[in-house]
Every structure is written in structure tokens, then in C-alpha cells.
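These are the residues of each chain, in order.
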Amino acid sequence: MYVCICNALTENRVRHAVRAHRPNTVRDVYAACGVAPQCGKCADTIADILNDECPSALRLAAE
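Residues numbered from 1 in each chain as written. Predicted model: local features only at pLDDT ≥ 70, side-chain atom pairs only at ≥ 80, totals over all residues. Heavy atoms only, no water.

Trainee: Would you explain helix α3 (residues 43–53) in this entry?
Mentor: In an α-helix, one turn spans 3.6 residues, which is why side chains three or four residues apart end up on the same side. Where α3 is concerned, the buried positions are A43, I46, A47, I49, L50 and E53. One side of α3 carries all its buried residues, which in axial view fall inside an arc of 160°. Residues of α3 that are exposed and point over 90 degrees away from its buried face: D44 and D52. Summarising the contacts, the buried residues of α3 are in contact with β1 (2–4), α1 (11–21) and α2 (26–32). (Buried < 20%, exposed > 50% of the residue type's maximum accessible area, 1.4 Å probe, protein only. Helix = DSSP H or I, 4+ residues; strand = E, 2+ residues; numbered from the N terminus. Arc of directions from axis to C-beta. Contact = heavy atoms within 4.5 Å.)

Here it is in C-alpha cells:
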């Protein structure tokens, strides 16, 4: 399933990046995927994935 249409990020790609890089913020997840946030509509979904994969991570909304 696509999580971010702007950057063509799939849920699997985001989960893999979170597991591999252990980012602390949503912005860090974008960076781990090699992209930058665009419209931001996917930030909540990415935060949910980050929370699922790294519950202790400090999550900040993408700006």
C-alpha cells in the first residue's frame, strides 16, 4: 500500500527504513527513505508506523 503518493513510498519501504535506521522523528523517516516531505498528508501514517516499529522513539510531526 502506498503511504506517500508524493514520494511513492510504500508501507513496506517505510517499515524497512524504520527498522534499519531507527529514526526518532517523522522527518528522520523521510530522510531514511531518501526523500523529503512534500504535502505532509502522510505524516500521521508515517508517525503511526514509527510508533508501531519503535514505540519508545520521540516522534515529531513533519513540518
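Trainee: What is the right way to look at α1 in this model?
Mentor: Buried within α1 we find V14, R15, A17 and V18. Down the axis of α1, the buried set is contained in an arc of 160°. They therefore lie on one face. More than 90 degrees from the buried face of α1, the exposed residues found are N12 and H16. Elements that come into contact with the buried residues of α1 comprise β2 (9–10), α2 and α3. Backbone geometry just after α1 places R22 at a positive phi near 50°.

Trainee: Looking at this structure, I do not really get the side chain of N7. What am I missing?
Mentor: Inspection of the secondary structure puts N7 in the loop between β1 and β2. Engagement of the side chain of N7 in a polar contact is seen with the backbone oxygen of A36, the distance being 3.0 Å. N7 has contacts with R13, Y30, V35, A36, P37 and Q38, leaving out every residue within four places of it along the chain. (Polar contact = N/O pair within 3.5 Å; in protein donor to acceptor, adjacent residues only side chain to side chain.)

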